[in-house]
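Architecture at a glance
Read off the chains here:
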Amino acid sequence: MKNWLLCGALLLTFGVCASTQTQQPKKKKLLFIGEVKGFEHDSVSHAMATIEKLGQQSGLWDTFLRTDSELLTKQKLGNNAKNLDYFDAVMFYTTGELDLNDDQKAALLSFVKDDGKGFLGTHSATDTFYKWPEYGEMIGGYFNDHPWGQVHLTVNVEDRAFPATKHFPASFPFYDEIYQFKEPYSRDKLRVLMSVDPSSVDLSNPRVHRTDKDFAITWVHQYGKGRVFYSSLGHREEVWDRPDIQQMWTEGVKWAMGMTEGDATPRPKPGN
């Protein structure tokens, strides 16, 4: 009798284990584009390797690393190449006018807006496609100089409930190259998660173009059915090695892929 009970318990255990294994969620697919047609950032390859590592460590996504735009299409490709239909999100660390034709541009917009997939951009992704205004609307704004270059400053965390920023303190010191943005950047369209504490930078610098003291760093928004996550941090390779920044990107990728929820409702600047 004891032997029968033991066999039954073992069979039940194996059944639970097998069931658990079969219920493991399928890993998502992220296409990371590091194509450069403008300023050459030394940290592009390190950023790409870091995002790939985070996907492997979390077990949540596989990263496909490319320095060209071939896969940004919905056309069927040969030689085992994957098109946009294969992926759950696209990430850009890019500059300049990339080699996309009109069909590819329409495919990328549709991938996010109509298919409900994710788009992520880091640092100079906003220094990309100035001649394609629909891209600017999707990513949320265009680069408009970096008045202070690489600078020590204070980052204000405006949203400590969003999954990608809730682990940060309310404010913290940081050192990186900091951007300012121009249209179509608007808090009427975006939810800013992190911004520059204006008291921590020199506002008399002649390269400061914004008179409203609004220097966003990280934001999110809904683009049609899809989700867009952007952060300008990452000029320096060391930034990508910070555990808090890696956690931000892990949660940013998860949110963009629809694996977690976070409020992307636009809201005004705090204090306004």
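Structural data are supplied above this passage.
Residues numbered from 1 in each chain as written. Predicted model: local features only at pLDDT ≥ 70, side-chain atom pairs only at ≥ 80, totals over all residues. Heavy atoms only, no water.

1. Some thoughts on the overall build of the protein chain
Formally: Strands here mean DSSP runs of E at least two residues long; helices mean DSSP runs of H or I at least four residues long; both are numbered from the N terminus. The contact rule is simple, with two residues in contact once any of their heavy atoms fall within 4.5 Å. In this description, accessible areas are obtained by the Shrake-Rupley approach with a 1.4 Å probe, and a residue is regarded as covered only by the protein chains that are shown. Asp and Glu count as negative and Lys and Arg as positive, but His and the ends of the chain are not part of the count. Positions of charges follow a simple convention, taking NZ of Lys, CZ of Arg, CG of Asp or CD of Glu.
Within the protein chain, the secondary structure is distributed over 5 helices and 11 strands. For the protein chain, the share of sequence-separated contacts (at least 6 apart) that also reach a separation of at least 24 residues comes to 76%. Total accessible area on the protein chain is roughly 12,900 Å²; 51% of this is exposed by carbon and sulfur atoms. Averaging the locations of the 31 positively and 36 negatively charged side chains of the protein chain gives two centres separated by 7 Å.

2. Thoughts on helix α2 (residues 44-58)
Definition in use: One fewer than the residue count of a helix, multiplied by 1.5 Å, yields its expected span. Using a 1.4 Å probe on the protein chains alone, a residue whose accessible area is under 20% of its type maximum counts as buried, one over 50% counts as exposed, and one in between counts as partly exposed. For this quantity, the arc is that covered by the directions from the helix axis to the C-beta atoms.
In a regular helix each residue adds 1.5 Å, so 15 residues correspond to 21 Å; α2 covers 21 Å between its end C-alpha atoms and thus fits that length. Those residues of α2 that fall on the buried side of the exposure criterion are V44, A47, M48, T50, I51, L54 and G55. In a view along the axis of α2, the buried residues occupy a sector of 160°, so they form one face of it. Facing away from the buried surface of α2 by more than 90 degrees, the exposed residues are S45, Q56 and Q57. In this fold, the buried residues of α2 make contact with β1 (28-33), β2 (61-66), β3 (89-92) and α5 (243-256).

3. Focus on the packing of α2 against α5
Using the following cut-off: Structural elements are reduced to axes, namely lines fitted to C-alpha atoms, with helices fitted over the stretch in contact, and the angle between N-to-C directions of any two is expressed from 0 to 180 degrees. In what follows, roughly perpendicular refers to angles from 65 to 115 degrees, roughly parallel to angles under 35, roughly antiparallel to angles over 145, and oblique to any angle outside these ranges. Note on convention: near helix rotated counterclockwise from far helix by under a right angle means a left-handed crossing. Clockwise means right-handed.
At a minimum axis distance of 10 Å, the contact between α2 and α5 shows a crossing angle of 70°. If you check the angle between α2 and α5, you find them roughly perpendicular. Note that α2 runs across α5; the crossing there is right-handed. On the side of α2, the interface is formed by T50, I51, K53 and L54, while α5 contributes Q246, W249 and T250.

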